[in-house]
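In case you want the letters, here they are:
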Amino acid sequence: MKQTKGLEGDQKSTIKFEFNPKDGIDNPALSLADDMDGEGVGEPRFYLLSKGSAETFGFCLHKELGCRGHIIRQVELGGLAQRRGLQDGDRLLQVNGHFVDDMDHRRVVQKIKASGNQVLLAVLDGNSYEAAKALGRDLSQMLPADIRPRLCHITRDKSGFGFSVSSPEGVKGTFQLSVQQDGPAERAGVPPGSWLLELNGASVRSYSHMQLTRKLKQSGSKVTLLVASSAVEEFYRLRGLRVTATLADTSWLPFKVRKLHMVKGPAGYGFLLKEDDCSSGATGQFLWDVDAGLPAEKAGMKEGDRLLAVNGESIEGLDHQQTVLRICEHDDQVTLLVIDPAGDEFYQSIGLSPLLFFEDSDPASGSRTPSPPSPSGSPGLCHVEVGPKGPGSWLVAAANSIGFTQSPHQEEQRRLCEEF
């Protein structure tokens, strides 16, 4: 048994675990149980959907008047969702381990979009869902209590990172962590005895012990680990699902998305929206020239914050002028989701959207009244800075907003829908 100090801990015996990521892509997910209970309520089913950047997941998510829950609809024939086993009428219960049945529809859509090309869904068939609701069942209790790995960011101190790694002799990709009491790793949230899955955003499945040691030494003074307890690892392994950072609990991370609600004053909001390059080379919308004493500063805006969402909707894919119009959509107030430069750099370094992990205790967050886009010539009182290629030239991508569809037949059939 080899052990790498990161930097202290006792040598422990390890249990080898293996799971095939291809199984998580090609095999339908398993349910917690195959039959129904005596009251006609089935069990949740879990699906890991992994797609290419040019593909879709192959389903629509509806919120329909007169129907409860977030409803899977329009499952594309032969598409990814159908191949995995999703069915029309399924109710969505979890997205990447987050219970969403009682969540605002737009926030659920945002979580799926922020997940990128891979998402873990837990669903319940429509009949079982209605039966459980009729019986007053707590749907969250039908799901495992905690199936999320943990993402931890560790800063080295004089003694090192505060953990050591052990692995079976000659076996790649199987690493268990011993954690120094009250050391940097424990303070960063690394559980003792957990399994290491990713190092600085990269899977360790192909690493030898020597390669992992080299990677740790190259990490400098900070390192980011994705770890899972034995119970969490077993949950995914038994279902042939690969554990990735998109599923992670990030509550231990020092980097948080902040929610800023502002009511416009006589002098406006008091900030400048400007496009600039991100550390990854992509383009983003940033907040500058925050005026002292005006609503933006009072709400907690800081110089250099990156704007992520406006009124509960991601601005990913919007250009500069579209973002300005989104901010000005309501004349007197706006709610922004932002992240500071350090947090922005961190999430870009691991290739994940910070919106994926945003948690908001306000159930109304993310909801807004649909309204037509403001005309391009009427940006209101917001300041539009002219970019190097003219007004609104700061960002170019594909729009990514939620559409409203109304049935031509009757009001009761109106619904919210989003295609994935």
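Keep in mind the model is a prediction, meaning the values are calculated, not measured.

Glancing now at the overall build of the chain. For the chain, the count of helices and strands is 10 helices and 23 strands. In the chain, which comprises 420 residues, the share counted as buried stands at 51%. Across the chain, contacts joining residues at least 24 apart in sequence account for 71% of those joining residues at least 6 apart. When the accessible area of the chain is evaluated, it comes to approximately 19,400 Å², of which 49% is carbon and sulfur surface.

This part is about the pattern of salt bridges. For the coordinates displayed, the defined rule picks out 12 salt bridges. Note that Arg 326 and Glu 313 form a salt bridge whose closest N and O atoms lie 3.9 Å from each other. Here the residue Arg 326 occupies a position in helix H9 (residues 320–327), and Glu 313 occupies one in strand S18 (residues 313–314), the gap between them amounting to 13 residues. For Glu 313, a relative accessible area of 4% corresponds to the buried category.

Further remarks concern helix H6 (residues 209–217). Of the residues making up H6, those classed as buried are His 209, Leu 212, Thr 213 and Leu 216. For H6, the buried positions fall inside an angular range of 100° around the axis, keeping them on one side.

Further remarks concern a negative patch on the surface. Among the surface-exposed residues, Asp 289, Asp 291, Glu 297 and Glu 303 lie close enough to one another that they form a single negatively charged patch. Mapped onto the fold, Glu 297 is located in helix H8 (residues 295–299).

Moving on, we come to the side chain of Asp 90. Here Asp 90 is to be found in the loop between helix H2 (80–84) and strand S5 (91–95). Judged by its relative accessible area of 2%, Asp 90 falls in the buried class. At 2.5 Å, the side chain of Asp 90 and the side chain of Arg 45 are in polar contact. Beyond its immediate stretch of four places on either side in the chain, Asp 90 contacts Arg 45, His 70, Ile 71, Ile 72, Gly 85, Val 123, Leu 124, Asp 125 and Gly 126.

This next bit is on the pairing of strand S9 (residues 163–167). S9 sits mainly inside the fold: 5 of its 5 residues count as buried. Of the two faces of S9, the one lined by Phe 163, Val 165 and Ser 167 and the one lined by Ser 164 and Ser 166 are each fully buried. Pairing analysis gives 4 bridges linking S9 to strand S10 (residues 176–179), with the strands arranged antiparallel. Among the inter-strand pairings, Ser 166 is bridged to a residue of S10, identified as Gln 176.

With that settled, consider unusual backbone geometry. For Asp 182, which is not glycine, the phi dihedral falls at a positive 60°. By the secondary structure assignment, Asp 182 is in the loop between S10 and helix H5 (184–187). With a phi angle near 50°, Asn 311 is a residue other than glycine that sits in the positive phi range. On the secondary structure map, Asn 311 appears in the loop between strand S17 (306–310) and S18.

Before going further, it helps to examine the environment of Leu 77. Counting through the fold element by element, Leu 77 comes out in the loop between strand S4 (71–73) and H2. Its relative accessible area of 76% is what places Leu 77 among the exposed residues. As for Leu 77 and Gly 58, which are separated by 19 residues in sequence, their C-alpha atoms are 8.2 Å apart.

All right, on to the side chain of Gln 94 then. Along the polypeptide, Gln 94 turns up in strand S5. Other than its neighbours up to four places away in sequence, Gln 94 contacts Phe 46, Phe 99, Val 100, Leu 120, Leu 121, Ala 122, Leu 143, Pro 144 and Ile 147.

What follows concerns helix H3 (residues 105–114). Within H3, 9 of the 10 residues are buried, which leaves the element mostly enclosed by the surrounding structure. Among all positions of H3, only His 105, Arg 106, Arg 107, Val 108, Val 109, Gln 110, Lys 111, Ile 112 and Ala 114 are buried. Put simply, Asp 104 is the residue that caps the front of H3, since its side-chain oxygen is 3.0 Å from the backbone nitrogen of Arg 106.

The subject of this paragraph is the packing of aromatic side chains. Here a ring pair, both rings aromatic, is described through the centre-centre distance and the interplanar angle of the planes. Summed over the entire model, instances satisfying the criterion amount to 7 aromatic pairs. For the pair Phe 346 and Tyr 347, a centre-to-centre distance of 5.2 Å together with 75° between the ring planes defines the contact as edge-to-face. The class for Phe 346 is buried, based on a relative accessible area of 5%. Classification of Tyr 347 by relative accessible area gives buried; the value is 3%. Taken together through their ring pairs, the aromatic side chains of Phe 255, Phe 346, Tyr 347 and Phe 357 make up a single cluster. In this arrangement the basic side chain of Lys 51 is found over the ring face of Phe 57, its NZ or CZ atom lying 5.3 Å from the centre. Here the guanidinium or amino end of Arg 156 rests over the ring plane of Phe 161, the centre of that ring lying 4.4 Å away.

Once that is clear, we can look at the confidence of the model for the chain. When pLDDT is averaged across the chain, the result is 78; 75% of the residues are at 70 or more. The low-confidence segment residues 5–35 (pLDDT under 50) makes 82 contacts with residues lying over four places distant or belonging to another chain.

Mapped onto the elements, Leu 61 comes out in strand S3 (residues 60–64). Relative accessible area serves as the criterion here: at 0%, Leu 61 is assigned to the buried category.

In terms of nonpolar packing, the biggest core is built from 41 residues, with Phe 46, Leu 139, Leu 151, Tyr 236, Leu 337, Phe 346 and Tyr 347 touching the most fellow members. Every element with two or more residues in this core is listed here: strand S2 (45–50), strand S7 (118–124), helix H4 (126–134), strand S13 (222–228), helix H7 (230–238), S17, strand S19 (333–339) and helix H10 (341–349). Not counting residues within four places of it along the chain, the set of residues in contact with Tyr 347 comprises Thr 250, Leu 253, Phe 255, Ile 339, Leu 352, Ser 353, Pro 354 and Phe 357. Counting residues in each nonpolar core, the second largest holds 20 residues, with Cys 152, Phe 161, Val 204 and Leu 225 among its members.

Mapped onto the fold, Gly 78 is located in the loop between S4 and H2. A relative accessible area of 42% means that Gly 78 is categorised as partly exposed. Counting along the chain gives 20 residues from Gly 78 to Gly 58, while the straight-line C-alpha distance between them is 8.6 Å.

Cut-offs used in this document
Residues numbered from 1 in each chain as written. Predicted model: local features only at pLDDT ≥ 70, side-chain atom pairs only at ≥ 80, totals over all residues. Heavy atoms only, no water. Helix = DSSP H or I, 4+ residues; strand = E, 2+ residues; numbered from the N terminus. Buried < 20%, exposed > 50% of the residue type's maximum accessible area, 1.4 Å probe, protein only. Contact = heavy atoms within 4.5 Å. Areas by Shrake-Rupley, 256 points an atom, 1.4 Å probe, with all protein chains shown as cover. Salt bridge = Lys/Arg side-chain N within 4 Å of Asp/Glu carboxyl O. Arc of directions from axis to C-beta. Patch = residues over 30% accessible without salt bridge, like charges linked within 9 Å, V, L, I, M, F, W, Y side chains within 5 Å. Lys, Arg positive; Asp, Glu negative; His and termini not counted. Charge placed at Lys NZ, Arg CZ, Asp CG, Glu CD. Polar contact = N/O pair within 3.5 Å; in protein donor to acceptor, adjacent residues only side chain to side chain. Pairing = 2+ DSSP bridges. Phe/Tyr/Trp six-rings, centres within 6.5 Å; stacked < 30°, edge-to-face > 60°. Lys NZ or Arg CZ within 6 Å of the ring centre and 35° of its normal. pLDDT = per-residue confidence, 0-100. Core = buried A, V, L, I, M, F, W, Y, C linked by side-chain atoms within 4.5 Å.

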